[in-house]
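Listed here are the chains, written in short residue letters.
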Amino acid sequence: MSEKVSEYKGDDVVIRYDVKRCIHAAVCATNLPGVFQPDRRPWVDPNGATADQVADVVSRCPTGALQFERRDGGAAEAAPPQNTAMLEADGPVYLAGDIEIVDSEGAIVLGDTRVALCRCGASENKPFCDGRHSDAGFRHAGAIAEAKAKPEVFTSGGKLVVKAFPNGPVVLKGSLEVRSADGKTSSFHDAQAALCRCGASAKKPFCDGSHKQVGFTTE
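None of these values were measured; they are calculated from a predicted model.

(A) Structural view of the pairing of strand E3 (residues 66–70). Side chains Leu66, Phe68 and Arg70 project from E3 onto a buried face, and the interleaved Gln67 and Glu69 project onto a face without burial. With 5 bridges connecting them, strand E2 (residues 13–18) and E3 associate as antiparallel partners. Among the inter-strand pairings, Tyr17 is bridged to a residue of E3, identified as Leu66.

(B) Focus on the side chain of Ser180. Mapped onto the fold, Ser180 is located in the loop between strand E9 (176–179) and strand E10 (186–189). A polar atom in the side chain of Ser180 sits 2.6 Å from the side chain of Asp182. When near neighbours in sequence (up to four residues on either side) are disregarded, Ser180 contacts Met86, Leu87, Gly142, Ala143, Ile144 and Thr185.

(C) The pairing of E10, seen in detail. Sheet analysis places E9 next to E10, joined by 4 bridges and oriented antiparallel. Residue pairing in the sheet places Leu176 in a bridge with His189 of E10. In textbook terms, the turn of a hairpin is the stretch between consecutive antiparallel strands, and for E9 and E10 this stretch comprises 6 residues, one of which, Gly183, has a positive phi near 75°.

(D) Looking closely at the packing of aromatic side chains. For the structure on display, the rule yields 3 aromatic pairs. With 5.2 Å between their ring centres and 85° between their planes, Phe154 and Phe188 make a pair best called edge-to-face. Pair noted here: Phe154 is in the loop between helix H3 (133–136) and strand E7 (159–164) and Phe188 is in strand E10, with a separation of 34 residues, a long-range link. Given a relative accessible area of 15%, Phe154 falls into the buried group. We classify Phe188 as buried; its relative accessible area is 13%. Connected via pairs of aromatic rings, a cluster forms that spans Tyr17, Phe36 and Trp43. Here the guanidinium or amino end of Arg21 rests over the ring plane of Phe128, the centre of that ring lying 5.4 Å away.

(E) Layout of the sheet that holds E2. The strand order across the open sheet formed by 3 strands is E1-E2-E3, and the pairing between neighbours is antiparallel. At either margin of the open sheet sits one strand with a lone partner, and together these are strand E1 (5–9) and E3. Direction aside, the axes of adjacent strands within the sheet are offset by 20° on average. Running over the sheet, helix H2 (residues 51–58) touches E2 and E3 and is turned about 150° from E3.

(F) Focus on H2. By the burial criterion, the buried members of H2 are Ala51, Val54, Ala55, Val57 and Val58. Its buried side turned inward, H2 meets E2, helix H1 (27–31), E3 and strand E6 (108–117).

Calculation notes
- The residue numbers shown here count from 1 along each chain, following its written sequence.
- Only residues with pLDDT of at least 70 are given local features in this predicted model, and only at 80 or more are side-chain atom pairs given and counted; all residues enter the totals for whole chains, interfaces and linings.
- Only hydrogens and water are set aside; all other atoms, that is, all heavy atoms of the structure, feed into the side-chain values.
- Only protein chains enter the accessibility calculation, which uses a 1.4 Å probe. A residue is then buried if its area is under 20% of the maximum for its type, exposed if over 50%, and partly exposed in between.
- Runs of E in the DSSP output that reach at least two residues are strands. Runs of H or I that reach at least four are helices, and both are numbered from the N terminus.
- By this definition, two strands are paired if DSSP reports at least two bridges between them.
- Whenever a nitrogen or oxygen atom comes within 3.5 Å of another N or O atom, the pair is scored as a polar contact, on the condition that within protein one atom can donate a hydrogen and the other can accept it, and that pairs from neighbouring residues in sequence are kept only if both atoms are in side chains.
- Residues count as neighbours in contact if any of their non-hydrogen atoms are within 4.5 Å of one another.
- Whether two aromatic rings pair depends on their centres lying within 6.5 Å, for rings of Phe, Tyr and Trp, where Trp uses its six-membered ring; planes under 30 degrees apart make the pair stacked, over 60 edge-to-face, and the rest tilted.
- Comment: the charge-over-ring label is applied if NZ (Lys) or CZ (Arg) is within 6 Å of the ring centre and within 35 degrees of the ring normal.
- For every element, the axis is a line fit to its C-alpha atoms; helices are fit only across the contacting stretch, and the angle between N-to-C directions ranges from 0 to 180 degrees.

These figures capture arrangement, not role.
Next up, the structure:
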């Protein structure tokens, strides 16, 4: 287990927290304060609610910083039936689905159902968002510059492989629906989509090669 991942064991459920992936979306504390209280030490009490309640709220953590493991025989978290990328205004892109993060050599780094990817280029935990978009002054309303119409045949689910290219975009391979921040526009992809992560593309959220002009590096 990573030294950045804390584990909180309850009678019926175990909660794990990866501080490096948390951007304080506050879904946990807002919806289940009996379990999650940032001002308390320890701040997580897995016995503060039922295992079902914990599983429901943890599954809504958009970054995947929170995970749960049932100890009472309850069901594990299942991947959503459709892979989606939801743009956050002035923030990251939230992926949900059957996600597999791989490195530049194709080795699996992480398998998850919830991930937040950096769009501003300033994260120190690339390709994941670490909340630095605010300090970096990143601004983008979360609109889709070039939307693709939904194909007549759209598989919607299956594995979504996420590969971050050194000093370049993040490429998502698989069936994917990209949704605008206001939820009014979608762009559908059955093969792959290259998303900007330098913050400079004029075709956000998609890459237009601007990372070369701005000298974007991932080191």
